[in-house]
Amino acid sequence: MIQILHDETTLLHKTIELLGSKLRPALESPERVRAIVASLKAAGREICMQSVTDEQVQSVMEIAKITHGEEYIDHLRNTHSDWLAAGLIEQHKSVLPECFRLHNQAYSSLAPPKDLFARAGYYAFDMSSGIMKDSWQSIIASANLAIQAASMICENTTTSRSARTVLALTRPPGHHCTGHQAGGYCYINNIALSVTRIRTMNPSARFAILDLDFHHGNGTQEIFWSDTSVLYVSIHGQDEFPYYTGHASEVGPHNTILNLPLPARSTFAAYQTHLKTALGAIQTFKADYLLISLGFDTFRLDPLGSFQIDTGDYTTIASTIQQCIQGVPALILLEGGYVLERLGENMLAFIKGWEG
Ligand code: Q9C
Ligand code: ZN
């Protein structure tokens, strides 16, 4: 049985994005997780509710500091109130960058700028990661779910021989966030925090990360780029957002990165071929833990995706993974997926395939 974690504080974050040259409410909305939770409940699933204590906030920040810059984390926490205090924004509005940092590192000072507009663009790489008054609370709640899920799969392995799976309804998602920049609706790389948490209990553990979101997980790839105990494998839309990463030639210095891009409009048959390649690499790596970045923006109707994957295919995907990794403890974190009406049934289809 999959154990499912949710925290209602993740629903507070609600912002805007620049999409198709229009500023609009972000597609990454609280309604996404509300829809998944409603379907899970209707299907009679138990959901393990979490809420972050003051001590946990400190512990999330300590864990986040291993893979994220301390000043970047401070920026996430303070930027909305700093803008408010400076009279640059109204209470209910979102901070969005207007100018991004250049990559002229040979001659630029790398110190974070003081100017509030400059800082917004220093710590972000796109305009889909606005920061509103409650964003910090949701970011911490989401990161905490990733950490709690990690603690649970470790406990499960020490207390029972049959490995279990924990699914965390993380929101905001994490896989685009690097150690120093938000982007693609992501502010903290949740899966990186899961890895750090497991390592505190099992320092020599080996990890396989399977990224099934439609978009390449540039942040996760960057964080684990030269880490020999983490294999990062991603199946994603070719030449799609975040555009400048995810090419098959990006393998990392130790061959622990495997990018499997698929052209727009690819069918499920083509997807399955890549999935088998991905799972073959994961088997060879002999990981102690499997971590999945699960995005339902691979669904055929997704506004940000272009694959021809249907609801029933998620059952096949999950059972294919399950057959290959049997026995390895697994942690599943939610990333993208934007068809509100179909998210719940897609998640249920995945769970059905996983549980067999
Ligand atoms: N023209 C996740 O699925 N905007 N992030 C794309 C395309 C941002 C996706 C614009 C998409 C972010 C977690
Ligand atoms: Zn995505």
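Scroll up for the structure.
Quick caveat, the model's predicted, so the values are computed rather than measured. (Residues numbered from 1 in each chain as written. Chains lettered and ligands numbered in written order. Predicted model: local features only at pLDDT ≥ 70, side-chain atom pairs only at ≥ 80, totals over all residues. Heavy atoms only, no water.)

In this structure, what is going on with the coordination of the zinc ion (ligand 2)? I would like to understand it.
Each pair of donors in an ideal octahedron of six around a metal sits at 90 or 180 degrees, and each pair in an ideal tetrahedron of four sits at 109.5 degrees. The protein atoms that coordinate the zinc ion (ligand 2) are Asp213 (OD), Asp213 (OD), His215 (ND1) and Asp297 (OD), at distances of 1.9 to 2.7 Å. All donors to the zinc ion (ligand 2) come from one chain, and their sequence spacing reads D-x1-H-x81-D. Within this pair, whereas His215 is found in the loop between strand S6 (207-211) and helix H7 (218-223), its partner Asp297 is found in the loop between strand S9 (289-294) and helix H9 (311-325), the two being separated by 82 residues in sequence. On the basis of relative accessibility, which here comes to 6%, the residue His215 falls in the buried class. Look at Asp297 and you get buried, because its relative accessible area is 0%. (Donors = N, O, S within 2.8 Å, 3.2 Å for Na, K, Ca; no water. Helix = DSSP H or I, 4+ residues; strand = E, 2+ residues; numbered from the N terminus. Buried < 20%, exposed > 50% of the residue type's maximum accessible area, 1.4 Å probe, protein only.)

Explanation requested: the environment of Ser29 in the structure shown.
Secondary-structure assignment places Ser29 in the loop between strand S3 (22-25) and helix H1 (30-42). Once the C-alpha coordinates of Ser29 and Pro172 are considered, the two residues, 143 residues apart in sequence, prove to be 8.7 Å apart. Residues within four places of Ser29 in sequence aside, it is in contact with Arg171 and Leu340. (Contact = heavy atoms within 4.5 Å.)

Looking at this model, I keep getting lost on the nonpolar core. Mind explaining?
Note on soluble globular proteins: their nonpolar side chains tend to be buried together. In terms of nonpolar packing, the biggest core is built from 50 residues, with Leu210, Leu212, Leu290, Ile317, Ile321, Met347 and Trp354 touching the most fellow members. Among the elements that take part in this core, helix H8 (residues 268-285) stands out by supplying seven residues, more than any other. If we ignore the near neighbours within four places in the chain, the residues touching Leu210 are Val233, Leu275, Ala278, Leu279, Ile282, Leu290, Leu291, Ile292, Ser293 and Ile321. In this structure, Val60, Ile131, Ile188 and Leu193 belong to the second largest nonpolar core, which totals 26 residues. (Core = buried A, V, L, I, M, F, W, Y, C linked by side-chain atoms within 4.5 Å.)

What's the story with the layout of surface pockets in this structure? I'm lost.
One simple way to see leftover space: roll a probe sized like a water molecule over the atoms. Looking at the largest pocket, its volume works out to about 850 Å³. Lining the largest pocket are 37 residues, and of these Phe125, Asp126, Phe241, Pro242 and Tyr244 sit closest to its centre. Listed by contribution, the elements that provide at least two residues to the lining of the largest pocket are strand S2 (16-19) and H7. Of the residues assigned to the lining of the largest pocket, the class counts are 14 nonpolar, 15 polar and eight charged. (1 Å grid on protein atoms, 1.4 Å probe; cavity = no way out; pocket = protein on both sides within 12 Å on 5 of 7 lines; lining within 4 Å. Points joined across faces, edges and corners; volume = space filled by probe spheres on them. Nonpolar A, V, L, I, M, F, W, Y, C, P; charged D, E, K, R; others polar.)

Which parts of the structure should I look at to understand the packing of aromatic side chains?
Any two aromatic rings considered together are summarised by their centre-to-centre distance and by the angle between their planes. For the structure shown, the criterion picks out 13 aromatic pairs. A centroid spacing of 5.8 Å and a plane angle of 45° characterise the contact between Tyr72 and Tyr123, whose relative ring orientation is tilted. Of this pair, Tyr72 sits in helix H3 (residues 70-85) while Tyr123 sits in the loop between helix H4 (116-122) and helix H5 (135-159), placing them 51 residues apart in sequence. Of the two residues examined, Tyr72 and Tyr123, each falls in the buried class. The interplanar angle of 20° and the centroid separation of 5.9 Å between the aromatic rings of Phe350 and Trp354 together place this pair among those described as stacked. (Phe/Tyr/Trp six-rings, centres within 6.5 Å; stacked < 30°, edge-to-face > 60°.)

Any chance you could explain the sheet that holds strand S4 (residues 48-49) here in plain terms?
The eight strands lie next to each other as S4-S1-S5-S10-S9-S6-S7-S8, forming an open sheet whose pairing is parallel. Edge positions in the sheet fall to S4 and strand S8 (257-262), since each of these pairs with one other strand and no more. Where strand S5 (residues 165-168) lies against strand S10 (residues 330-334), four bridges are found, and the strand directions are parallel. Residue pairing in the sheet places Val166 in a bridge with Leu331 of S10. (Pairing = 2+ DSSP bridges.)

Even after reading the chapter, I still don't get the state of the cysteines, so can you show me in this structure?
Covalent bonding between the sulfur atoms of two cysteines is what defines a disulfide. In this structure the tally under the stated criterion is zero disulfides. In this structure Cys154 is a free cysteine whose sulfur lies 16 Å from that of Cys48, the closest cysteine sulfur available. (Disulfide = S-S within 2.5 Å.)

For this particular structure, what's the right way to read the pairing of S2?
Along any regular strand, the residues point their side chains to alternate faces of the sheet. In this structure, S2 lies alongside S3, joined through four bridges in antiparallel fashion. The residue of S3 that forms the bridge with Glu17 is Arg24. If you look at the hairpin formed by S2 and S3, you'll find two residues sitting between the two strands, and Gly20 has a positive phi there, around 55°.

Mind showing me how you'd approach the pattern of salt bridges here?
Note on pairing: side chains with opposite charge can pair once their charged atoms come close. By the definition in use, this model includes 13 salt bridges. Counted as one network, the salt bridges with shared partners bring together Lys14, Glu31 and Arg34. (Salt bridge = Lys/Arg side-chain N within 4 Å of Asp/Glu carboxyl O.)

I'm lost on the packing of helix H2 (residues 54-67) against helix H6 (residues 190-201) in this one. Help?
Working note: a packed helix pair is described by the angle between its axes plus the distance between those axes. Between H2 and H6, the shortest axis-to-axis distance is 9 Å and the interhelical angle comes to 105°. By the angle class used here, H2 and H6 are roughly perpendicular. Packed against H2, whose contacting residues are Val60, Ile63, Ala64, Ile66 and Thr67, the element H6 presents Ala192, Leu193, Thr196 and Arg197 at the interface. Split into classes, the residues belonging to the contact of H2 with H6 amount to six nonpolar, two polar and one charged. (Axes fitted to C-alpha atoms, helices over the stretch in contact; angles between N-to-C directions. Parallel < 35°, antiparallel > 145°, perpendicular 65-115°, else oblique.)

Looking at this model, I keep getting lost on the site of ligand 1. Mind explaining?
Neighbouring residues of ligand 1: 15 residues in total, closest Gly184, His215, Tyr243, Asp297 and Tyr338. His176 places a side-chain nitrogen or oxygen 3.3 Å from a nitrogen atom of ligand 1. Between ligand 1 and Tyr243 there is a distance of 3.0 Å, counted from a nitrogen atom to a side-chain nitrogen or oxygen. Summarising the interface, the protein chains cover 84% of the accessible area of ligand 1, which totals 410 Å² for the free molecule. Its atoms largely coinciding with the cavity grid, ligand 1 occupies the largest pocket. (Near = heavy atom within 4 Å. Polar contact = N/O pair within 3.5 Å; in protein donor to acceptor, adjacent residues only side chain to side chain. Areas by Shrake-Rupley, 256 points an atom, 1.4 Å probe, with all protein chains shown as cover. Sits in = over half its atoms within 2 Å of the grid points.)

Everything listed here is a matter of coordinates, which is why it stays silent on function.
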